[in-house]
Amino acid sequence: MKIGRNDLCPCGSGKKYKHCCLARGGEIETSPSDLAWRRLRRAIESLPTDLLRFADGYFGRAGLLEAWDEFTLWKEVPFDAKSPHIPVFMPWFYYNWTPDLTETGVNADARSELSAAQAYLRSKGRRLEPLAQRYIEACVAAPLSFYDVITCEPGRGFTLRDIITGEDCRVSERSASGSVQAGDILFAKIARLEDLTLMEACSTVVIPPDRKAPILELRKVFRESGTPLTPDALREYDLELIELYHALADALLKPRMPELRNTDGDPLSPHKLVFAIESPRAAFDALKDLALDVDDAELLAEAKLDGQGLLRRVQFPWKKRGNPVNKSWDNTVLGNLAIDGERLTIEVNSRERAIRIREIVEGRPAARAKHLATEIQSMDSALARAGKQRGGRKARAAQEEHERLAALPEVKAALQEHLRRHFESWVDQEIPALGGRSPRDAMKDPDGREMVEALVLQAERHGRNMQPPMDESIIRDLRARLGLT
């Protein structure tokens, strides 16, 4: 609808349109839903500040801290106004939190079953605009839940589906809709008011589709309890939902490095052993068989000699011995030895290998080696050193060569064929995110189908970000093979 210059501004300011929004942003065409959205935003513009001020006076300082303790599951996390969880916590504190009446330090008048927002309505409701009153009531009634982003129109809003209840809603949201995409999962509080649906709370942590399994598992628990999956019921499970939100968010915000192990199954722990030696040649002759099938000429090809032609410096690997009958070495390098003058240095990647190689060296008197020290390097420093090496000139040259090769048509074709074969076999592989079932088997029940769809969507995203991007027909064929539309 066309707004006249002398009409009242649809934002609800009470001013003429020409003196309000038109002066700020130019003449616009506005739909009825846009008008309603603007009026509501105008009515609740000061609500967060008003509720914060009221909650502080109503509960006292103890209220915010007690609510934060409960929200963080009593893990003694200090309150932090800059925490990424604040956009979820503050609305929950205003609209849903009530003190534990058996153990609380809030003001005596606030020791009731009323949230701050409900008490605010009781105290200030008559002076509020009716639209603001109804919005507060809608926020009180709205539970926190997990939502799939079904469709998204950046700058306007998106369609969400409550993963727990299965309800769809069209949300008017100007800012958040620009930072998410279809398939993302949001932890949010959605307020429904007349013909409008607004997002009152939303985590800044966007959950990718392949992390959906724990949410489906919690939904299964709710279903098996016999509780109807309604918004009213979800409000009773807010702590269970918040606990799962923290688990998912923390895994994304503070990802833990998986326990790294070497090919022997030992935890990775870089060790450097230093020995004093009397003769580089004697040490070499005593230890060269650790390289197994490599002959002297090859081991000494890059060795350094002193002025008299005697061995000064050489490096060679310590290899894993295979079957001694048929000499089938498996080419696993267990460590690296470096002889330099009167020093022998051996680097391995675990405590167990460090013990073994020291026993080997000290068990060979001909090496004439005396252990001086063992340096244990942290994995953080080892990774930092590896990262620095990757950023060096040689690494950059290697990366450029890799990119040149990847751009060749024949290489692109080979890569796409490899990916196609991978996804053809993937449908029958046991997938941990599916509880050890294959995608084909998981498709036989609704929950499994939902998780398979999430994994396929994540694979599609990953494919778009590859260099070169994965052929879109690979995912189309995968969806057809699984019966996903």
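Residues numbered from 1 in each chain as written. Predicted model: local features only at pLDDT ≥ 70, side-chain atom pairs only at ≥ 80, totals over all residues. Heavy atoms only, no water.

## Some points on the overall build of the protein chain
The number of helices and strands found in the protein chain is 19 helices and eleven strands. The burial tally for the protein chain puts 42% of its 485 residues in the buried class. Sequence-distant contacts, at least 24 apart, represent 61% of the contacts inside the protein chain between residues at least 6 apart. As displayed, the protein chain has an accessible area near 27100 Å², and 50% of this comes from carbon and sulfur atoms. (Helix = DSSP H or I, 4+ residues; strand = E, 2+ residues; numbered from the N terminus. Buried < 20%, exposed > 50% of the residue type's maximum accessible area, 1.4 Å probe, protein only. Contact = heavy atoms within 4.5 Å. Areas by Shrake-Rupley, 256 points an atom, 1.4 Å probe, with all protein chains shown as cover.)

## A few points about the side chain of Glu70
By the element assignment, Glu70 lies in helix 4 (residues 61-71). This buried residue, Glu70, is left without a salt bridge; Lys189 holds the nearest opposite charge, at 13 Å. (Lys, Arg positive; Asp, Glu negative; His and termini not counted. Salt bridge = Lys/Arg side-chain N within 4 Å of Asp/Glu carboxyl O.)

## Here's the deal with the packing of aromatic side chains
Taken as a whole and judged by the stated rule, the model has 21 aromatic pairs. With a centroid separation of 5.9 Å and an interplanar angle of 40 degrees, the aromatic rings of Phe59 and Phe93 are classed as tilted. Here Phe93 lies in helix 5 (residues 86-95) and Phe59 lies in helix 3 (residues 47-59), a separation of 34 residues in the sequence. Note on accessibility: Phe59 and Phe93 belong to one class, buried. Ring geometry for Trp68 and Phe89: centres 5.0 Å apart, planes at 90 degrees, overall edge-to-face. Taken together, the residues Trp68 in helix 4 and Phe89 in helix 5 connect sequence positions 21 residues apart. (Phe/Tyr/Trp six-rings, centres within 6.5 Å; stacked < 30°, edge-to-face > 60°.)

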